[in-house]
Every structure is written in structure tokens, then in C-alpha cells.
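# Commentary on secondary and tertiary structure
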Amino acid sequence: MYRLPQAVPKDSMAIGGTWTAGYEHFTAGADARLAMNYQARRVRLVLAGDGPVTGTSDGKPLKTIRGSGTPTLYTLVDDDSSHRARLDIRPAPGIEGCFFTFG
């Protein structure tokens, strides 16, 4: 069980809840959460597994993503310009997070 800190340093990521580490991914368990302090225009995440992923960017709700099996690239944030923000993600148990890309 991981504890998510209140503050996440710039250009860093933290996890909370239960996660299982795999060779090229982490699998969400009970109360899995991920927080990231980033600067970018776009944030994308490769996810696998079945179930919803919800999130916020600086407290504003993002669209719910529904994972559907094999690894797929999903856009979490797509803004007009680059800026610094905090991204909070709550994946359903069984969702696999593979990697992030930024633009």
C-alpha cells in the first residue's frame, strides 16, 4: 500500500493505494491513485485492461476513459498551450498503466 503525498514536486509523479509492479507496467489495485506535477500542452497515457479511469487536471474533471483490453494510447490532457498543472488519476482495479508521453 502506497501513500500519496499532499504535494508532488515539479516534474514528478507519486502513487497511492495498492499497485502491483510488472515488467513494463503497473497494475492498479484497491484505491489506486496517481498524481503528477507536469508542464506540457498534452499528456497521454498507454493503458491496458478493462475498466474506467477518471481524473482531474488542477481540480477540473477530465473525461472518463474506458480501458478495453490491449495497450492503447489515450489522451488525458489536450490544451491550447503548455502550462504547469497537477494531474490526479484514479484507475479501476486491474487497469495497467504502461507509460506517459508529453507534448
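This text goes with the structure placed above it.
Residues numbered from 1 in each chain as written. Predicted model: local features only at pLDDT ≥ 70, side-chain atom pairs only at ≥ 80, totals over all residues. Heavy atoms only, no water.

## Quick notes on the overall build of the protein chain
The criterion, for reference: Helix and strand labels come from DSSP, where a helix needs a run of H or I of at least four residues and a strand needs a run of E of at least two; each type is numbered from the N terminus. Each radius of gyration is computed over the set of C-alpha atoms, and the globule rule expresses the reference value as 2.2 Å times the number of residues to the power 0.38. Think of it in three bands: with a 1.4 Å probe and only protein chains considered, a residue is buried below 20% of the maximum accessible area for its type, exposed above 50%, and partly exposed in between. Should any heavy atoms of two residues lie within 4.5 Å, those residues are counted as being in contact. For every accessible area listed, the method is Shrake-Rupley and the probe measures 1.4 Å; residues are considered covered only by the protein chains on display. Under this rule, positive means Lys or Arg and negative means Asp or Glu; His and the chain ends count for nothing. Where a charge lies is defined by one atom per residue type: Lys uses NZ, Arg uses CZ, Asp uses CG and Glu uses CD.
Assigned secondary structure in the protein chain consists of zero helices and seven strands. For the protein chain, the sequential pattern of α-helices and β-strands runs β-β-β-β-β-β-β. Radius of gyration (C-alpha) of the protein chain: 13 Å, near the 13 Å computed for a compact globule of 103 residues. For the protein chain, the spread of C-alpha atoms along the principal axes amounts to about 30 × 25 × 25 Å. Put simply, the protein chain has 103 residues, and 36% of those count as buried. Across the protein chain, contacts joining residues at least 24 apart in sequence account for 64% of those joining residues at least 6 apart. Summed over all atoms, the accessible surface of the protein chain reaches about 6,000 Å², with 52% contributed by carbon and sulfur. Across the protein chain, 12 positive and 10 negative side-chain charges occur, with their mean positions spaced 4 Å apart.

## Topic: the packing of aromatic side chains
So the rule is basically this: Stacked, edge-to-face and tilted are the three classes for Phe, Tyr and Trp ring pairs, Trp counted by its six-membered ring, which pair at centre distances within 6.5 Å; planes under 30 degrees apart are stacked, over 60 edge-to-face, the rest tilted.
All chains considered together, the criterion is met by two aromatic pairs. Ring geometry for W19 against F26: centres 6.5 Å apart, planes inclined by 75°, an arrangement best described as edge-to-face. Note on W19: relative accessible area 12%, which makes it buried. For F26, a relative accessible area of 38% gives the class partly exposed.

## As for unusual backbone geometry
One non-glycine residue, D11, lies in the positive phi region at around 55°. As for its position among the elements, D11 is in the segment before β1 (12–16). Despite not being glycine, D58 shows a phi value in the positive range, around 50°. Secondary-structure assignment places D58 in the loop between β4 (33–57) and β5 (60–61).

## Regarding the pattern of salt bridges
Filter applied, for reference: The salt bridge criterion pairs a side-chain nitrogen of Lys or Arg with a carboxyl oxygen of Asp or Glu, the two atoms within 4 Å.
Summed over the entire model, instances satisfying the criterion amount to three salt bridges. A salt bridge links D11 to R84, with the shortest nitrogen-to-oxygen separation between them at 3.4 Å. Here R84 lies in strand β6 (residues 65–91) and D11 lies in the segment before β1, a separation of 73 residues in the sequence. Given the relative accessible area of 29%, R84 is considered partly exposed. For R86, the salt bridge identified is with D88, shortest N-O distance 3.0 Å. On the accessibility criterion, R86 (23% relative accessible area) is partly exposed.

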